[in-house]
Amino acid sequence: MSGIWVFAELRDGKIIKVVNEMLNAGKGISAKLGENVAAVLLGSGVESLAKDLAGMGAKTVYLADDAKLKAYTPDAYAKVVVDLVKQHQPSVLLFGNSAVGKDLAPTVAAKLGVGLASDCTGVEVNDQKKLVFTRPVYSAKAVIKVFCRDNPQMATIRPNVLPPGELDAGASPEVAKAPVALSDSDIRTIVRDVVKSAGGKIELTEANVIVAGGRGMKGPDEFKIIEELANVLGAAVGASRAAVDAGWRDHHDQVGQTGKVVNPSLYIACGISGSIQHLAGMKTSKVIVAVNKDPEAPIFKVANYGIVGDLFKVVPIMTREFKSMLAQ
Amino acid sequence: MKIVVLVKQVPDTETKVQVKPGETAISTDGVTYVINPYDEFAIEEALRIKEAKGGEVTLISLGWDKAAEALRTGLAMGADKAVHLNDPAFLGGDAHATAVALAKAVKKMECDLLLCGKQGIDYDNHQVGVRVAELLGVPHVAVVTKLELQDGKAVAHREIEGGSEVVEVPLPAVITCQKGLNEPRYASLKGIMQAKKKPLAAQKPADIDASAGEVGKAGAKLEVVSMSMPPDRPAGRIVPGEPEDAAKEVVKLLRNEAKVI
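Residues numbered from 1 in each chain as written. Chains lettered and ligands numbered in written order. Predicted model: local features only at pLDDT ≥ 70, side-chain atom pairs only at ≥ 80, totals over all residues. Heavy atoms only, no water.

K.L.:
An account of the interface of chain A and chain B is requested, with residue identities and associated values reported.
P.N.:
With 89 residues of chain A at the contact, the number on the chain B side is 76 residues. Both faces combined, the contact of chain A with chain B buries some 7,300 Å², and carbon together with sulfur accounts for 57% of it. It is Y138(A), R149(A) and Y305(A) in chain A that bury the most area against chain B; as a group they hold 11% of the surface buried on that side. Our enumeration of links across chain A and chain B arrives at 9 salt bridges. A salt bridge links R149(A) to E223(B), with the shortest nitrogen-to-oxygen separation between them at 2.8 Å. Linking chain A with chain B are 48 residue pairs in polar contact (both at pLDDT 80 or more). Class assignment for the residues of the side of chain A that touches chain B results in 43 nonpolar, 22 polar and 24 charged. As paired elements, strand β10 (residues 142–148) of chain A and strand β12 (residues 222–228) of chain B share 6 bridges and run antiparallel to each other. Counted as the bridge partner of C148(A) is L222(B) from β12(B). (Contact = heavy atoms within 4.5 Å. Buried area = accessible area lost by both parts, 1.4 Å probe. Salt bridge = Lys/Arg side-chain N within 4 Å of Asp/Glu carboxyl O. Polar contact = N/O pair within 3.5 Å; in protein donor to acceptor, adjacent residues only side chain to side chain. Nonpolar A, V, L, I, M, F, W, Y, C, P; charged D, E, K, R; others polar. Pairing = 2+ DSSP bridges. Helix = DSSP H or I, 4+ residues; strand = E, 2+ residues; numbered from the N terminus.)

What follows is the structure, encoded as structure tokens:
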């Protein structure tokens, strides 16, 4: 048996973006390996999403639909995925590098006793028809290429890096319903509550645009001008470690080596000097804009566009200009 | 309560990484090593639980000779004893092989709770804690920012996209720690002096019933093909002028030249 499998992660009942990115990559791999692309869909009352997965390139959708799979738990999800893998023996198994993927993939890999390449930013097929994954290490201060010795070859894929595919609205999948044999005693983790952050914030690791503030912001209230710019751009708000350690922003917002590694299309760094730890977290952004008073700040070495000046003057003007540009 | 903490020694975050041509690991020349920052949260949490409820904190690290320094630092913070998996056979492994060795070592101890960082800041794998839990047959909660222990169970707040999840697991369990959980203490001078007398046992594969083939490089399931430096970003440009003019110009460039707006 064979197959290139993509785990179809859902959030709030919708397929997350990286699933399309992985299925699109799967099409390329499929052509080289001569194996079909499939999606693995787990949840409760989710069968209608199988068609969407077909539109993204999944020929087969392995569907496990059960009330016990309504909320993600590593015990239940890993058992179902491992049972499916043992039955069908796929050669490749990909997950998004999300909170769920980062939890589920190593659980599944450990149960199967196989390797797992974490947080990959690229994949190619070598002469031996093995998948070679590119992954940043030391927070992107270096890059390694790895392959898995055994099947399934497993990886988590960083969101927003691989190009998404065009959707085929007319596609319909072959749905393979997987039996779910779960008893209450299989599930040791009980989800008591899910607490959403205020304001429906955009997740930094998935954001297309990020506006971030650092020590130069001078205080928590001053982040208001960052938020105003972010609102206009539909951007996520980030912060440097200095701003987080000062207590101005929550650690959820921290970008850098001990925070989040981000890769948006546009990163606007305001009052951030650009320490080596911060650069490690954001320098893979496609376009970087830096606003800083200090012309010697290291951030200017990685910025595509730099403005040497007072951010409290510059940022509100940028907000106003973007607003009128986007209104046109 | 017996608490075990997995500790990894990693290059300091200030480190400028250098890769020599043909090598598959970074150059260790001139690199300063520290306790993995996320493991510091794990040590601190273990110490706080011990202070509140009593018990014993044992540290385990897998690594070269120098990794003993990280264990001494943890002992100086207040941990009671340490185990160092120190043998060439343990080195060069991936997350699988490392987890196999750590789980075998933990099996030799009493353990009601196992804490570690959510990931090492060197290889950024975020796998070892979860894998150790699987190998031990206990549940895990990953990326935890708040932890409460009640009768035989742990209630943990775990970071997810756009918020957090409150989950409950029976003990023993593995908890992987995230920034926000606590503020790690510094080792006091007294602690540093006391740490010198605390037990730090070096163990070989035979001590944990591991065969040389299942740990380290021989036991790895991932093969590293190459390591390289990422390409440099092309030099950018400073947009000159007064704030008003420069800001307007950059906004235009982002649309017309960079085409990201």
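Here the narrative resumes.
K.L.:
Give a detailed account of the domain arrangement of chain A, specifying residues and quantitative values.
P.N.:
Residue and element names in this part refer to chain A. Each assigned domain of chain A is listed with its residue range as follows: domain 1 (3–186) and domain 2 (209–327). Computed from C-alpha coordinates alone, the two centres of domain 1 and domain 2 are separated by 33 Å. With 8 residues of domain 1 in contact, the opposing surface of domain 2 contributes 9 residues. Taken together, both faces of the contact between domain 1 and domain 2 bury some 720 Å²; the carbon and sulfur share is 45%. Counting the surface domain 1 buries against domain 2, the share from its top three residues, S139, K141 and R158, is 63%. Linking domain 1 with domain 2 are 3 residue pairs in polar contact (both at pLDDT 80 or more), by the criterion used here. (Domains from an automatic or database assignment.)

K.L.:
An account of the pairing of strand β5 (residues 60–65) of chain A is needed here, citing residue identities and associated values.
P.N.:
Residue and element names in this part refer to chain A. Where burial is concerned, most of β5 is hidden: 5 out of the 6 residues are buried. Direction of pairing for strand β4 (residues 37–43) relative to β5: parallel, over a ladder of 6 bridges. Counterpart to G43 in the pairing with β5 is D65. Once the chain exits β4 it traverses helix α2 (residues 50–55) before rejoining the sheet at β5, and the crossover so formed is right-handed. Summarising the sheet, β5 and strand β12 (residues 174–177) pair through 4 bridges and their orientation is parallel. The partner of V61 across the bridge, within β12, is V175. (Buried < 20%, exposed > 50% of the residue type's maximum accessible area, 1.4 Å probe, protein only. Right-handed = clockwise from strand over helix to strand, strands pointing away.)

K.L.:
Can you tell me about the packing of helix α5 (residues 223–233) of chain A against helix α9 (residues 311–327) of chain A, naming the residues and giving the values?
P.N.:
All names here are of chain A. Direction vectors running N to C along α5 and α9 enclose 20 degrees, while the axes themselves pass 9 Å from each other. In terms of orientation, α5 and α9 fall into the roughly parallel class. Taken as a pair, α5 and α9 cross one another with a handedness that is left-handed. Here I225, E228, L229, V232 and L233 of α5 lie close against α9, whose contacting residues are L311, F312, V315, P316, M318, T319, F322, K323 and L326. The residue inventory of the contact of α5 with α9, partitioned by class, reads 11 nonpolar, 1 polar and 2 charged. (Axes fitted to C-alpha atoms, helices over the stretch in contact; angles between N-to-C directions. Parallel < 35°, antiparallel > 145°, perpendicular 65-115°, else oblique. Left-handed = near helix turned anticlockwise from the far one by under 90°.)

K.L.:
For the sheet that holds β12(B), give the residues involved together with the corresponding values.
P.N.:
The strand order β8(A)-β9(A)-β10(A)-β12(B) describes an open sheet built from 4 strands, whose pairing is antiparallel. At either margin of the open sheet sits one strand with a lone partner, and together these are β8 (122–125) of chain A together with β12 of chain B. Strand-to-strand twist across the sheet, computed as the mean angle between neighbouring axes with direction ignored, equals 25 degrees. Note that strand β9 (residues 131–137) of chain A and β10(A) share 5 bridges and pair antiparallel. Bridge pairing in β10(A) places P136(A) opposite V143(A). Seen against the sheet, helix α1 (residues 17–33) of chain A touches β8 and β9 of chain A and runs at an angle of roughly 15 degrees to β8(A).

K.L.:
A description of the UniProt feature "domain: Electron transfer flavoprotein alpha/beta-subunit N-terminal" (unreviewed entry) in chain A should follow, citing residues and the corresponding values.
P.N.:
With numbering matched to this structure, UniProt assigns "domain: Electron transfer flavoprotein alpha/beta-subunit N-terminal" (unreviewed entry) to residues 4–191 of chain A. End-to-end, the C-alpha atoms of residues 4–191 of chain A are 31 Å apart, and along that stretch the chain is 28% helix and 32% strand. (UniProt positions renumbered as here; feature names shortened; annotations may be inferred.)

K.L.:
Run through the nonpolar core, naming residues and quoting values.
P.N.:
Counting residues in each nonpolar core, the largest one holds 43 residues, and the members touching the most others are V19(A), L23(A), L41(A), L53(A), L94(A), F133(A) and M227(B). For this core, the leading source of residues is α1(A), giving 7 residues. Setting aside residues no more than four positions away along its own chain, F133(A) makes contact with L94(A), A117(A), C120(A), G122(A), V123(A), I144(A), K145(A), V146(A), C148(A), M154(A) and A155(A). (Core = buried A, V, L, I, M, F, W, Y, C linked by side-chain atoms within 4.5 Å.)

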